[in-house]
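Single-letter residue listing:
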Amino acid sequence: MNWDWSAVADFMPRFWDGVLVTLEILVLGSLISFTLGLVWAIGFRAPTRFVRWPVNVVTEFIRTTPLLVQLFFLYFVLPEWGVRFSALTTGTIAIGVHYSTYTAQVYRAGIEAVPAGQWEAATALSLPAHRTWFAVILPQAVRRITPALGNYVIAMLKDTPLVAAIGVLEMLQQSRLESAATFQYTEPLTVIGIAFILIAYPASLLVRALERRLVH
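Keep in mind it's a predicted model, so treat the numbers as computed, not measured.

Caption draft 1: Expanded view of the pattern of salt bridges. Evaluation of the coordinates by the stated rule reveals two salt bridges. With its nearest N and O atoms 3.0 Å apart, the salt bridge here joins Arg14 to Glu178. Here Glu178 lies in helix α7 (residues 171–182) and Arg14 lies in helix α1 (residues 5–44), a separation of 164 residues in the sequence. The shortest N-O distance in the salt bridge between Arg63 and Glu60 comes to 2.4 Å. In this pair, Arg63 and Glu60 are both assigned in helix α2 (residues 49–63), three residues apart and thus about one turn of the helix distant.

Caption draft 2: Fine view of α7. Under the 1.5 Å per step criterion, the end-to-end length of α7 is 16 Å for twelve residues, consistent within 8% with the ideal 16 Å. Met171, Gln173, Gln174, Ser175, Glu178 and Ser179 are the residues of α7 that are buried. Between a side-chain oxygen at the N-terminus of α7 and the backbone nitrogen of Leu172 the separation is 2.9 Å; the capping residue is Glu170. Where α7 terminates, the next one or two residues include Phe183, which has phi positive at roughly 60°.

Caption draft 3: Here's a closer look at a nonpolar patch on the surface. On the surface, a nonpolar cluster with roughly 410 Å² of combined accessible area is contributed by Phe73, Trp81, Val83 and Phe85. Within the secondary structure, Val83 sits in the loop between α3 (67–77) and α4 (87–113).

Caption draft 4: Up close: the packing of aromatic side chains. In the structure shown here, the tally under the stated rule is nine aromatic pairs. Each ring, one from Trp3 and one from Trp5, has its centre 5.6 Å from the other, and the planes form 75°; the classification is edge-to-face. Judged by its relative accessible area of 31%, Trp3 falls in the partly exposed class. Classification of Trp5 by relative accessible area gives exposed; the value is 64%.

Caption draft 5: Looking closely at the layout of surface pockets. Considering only enclosed or pocket space, the largest pocket measures out at about 200 Å³ in volume. Every residue lining the largest pocket is listed: Phe61, Ile62, Thr65, Val69, Gln70, Phe73, Leu74, Ile93, Ala94, Val97 and His98. Elements with a minimum of two residues in the lining of the largest pocket: α2, α3 and α4. Residues of the lining of the largest pocket, tallied by class, amount to eight nonpolar, three polar and no charged.

Criteria and cut-off values
Residues numbered from 1 in each chain as written. Predicted model: local features only at pLDDT ≥ 70, side-chain atom pairs only at ≥ 80, totals over all residues. Heavy atoms only, no water. Salt bridge = Lys/Arg side-chain N within 4 Å of Asp/Glu carboxyl O. Helix = DSSP H or I, 4+ residues; strand = E, 2+ residues; numbered from the N terminus. Expected span 1.5 Å × (residues − 1). Buried < 20%, exposed > 50% of the residue type's maximum accessible area, 1.4 Å probe, protein only. Polar contact = N/O pair within 3.5 Å; in protein donor to acceptor, adjacent residues only side chain to side chain. Patch = residues over 30% accessible without salt bridge, like charges linked within 9 Å, V, L, I, M, F, W, Y side chains within 5 Å. Areas by Shrake-Rupley, 256 points an atom, 1.4 Å probe, with all protein chains shown as cover. Phe/Tyr/Trp six-rings, centres within 6.5 Å; stacked < 30°, edge-to-face > 60°. 1 Å grid on protein atoms, 1.4 Å probe; cavity = no way out; pocket = protein on both sides within 12 Å on 5 of 7 lines; lining within 4 Å. Points joined across faces, edges and corners; volume = space filled by probe spheres on them. Nonpolar A, V, L, I, M, F, W, Y, C, P; charged D, E, K, R; others polar.

Next comes the structure, spelled out in structure tokens:
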């Protein structure tokens, strides 16, 4: 096998375009996942089963359905109902919503780990529900679960290549286009693999540091 550095140089413009798209999906998808996951988690503890039951059904359905199926459904089926998004928006929403069902379970575990006395103290002080959640419970819960949420960010990063199936020009799709144009596969795919390592490894080190700082 002959390594061709000129092929790497030629791939760099496509590569950086793909990196930007991958990071955009990761950042926005994470925001969707963390925000919606918190909504699901609060729904799990709703005082009425008419809220709890639908939340449990919806999250279990999303969590047990393959992400690729969800991507295809959002991209190919929703337009038949008059709902149409760009491929990039569809991919971002799909990843964010899919992972929100996992972060919801992390939030739930963190919330349940908050001592019962904290809930009782909030009740004794007659705090309204929103203050109980956002001033008392969630700050304590998030401190415990930040490392776990970080692990899901890394998992989302590794799942971003799936959006290539609907034509999003992230890193993998850019490497495929470059390889199709030049018939050189080794260099583009190797660069992409190294890029994922260079993004994911520092993130994993940060997660470990947060775990040592916040949990221990």
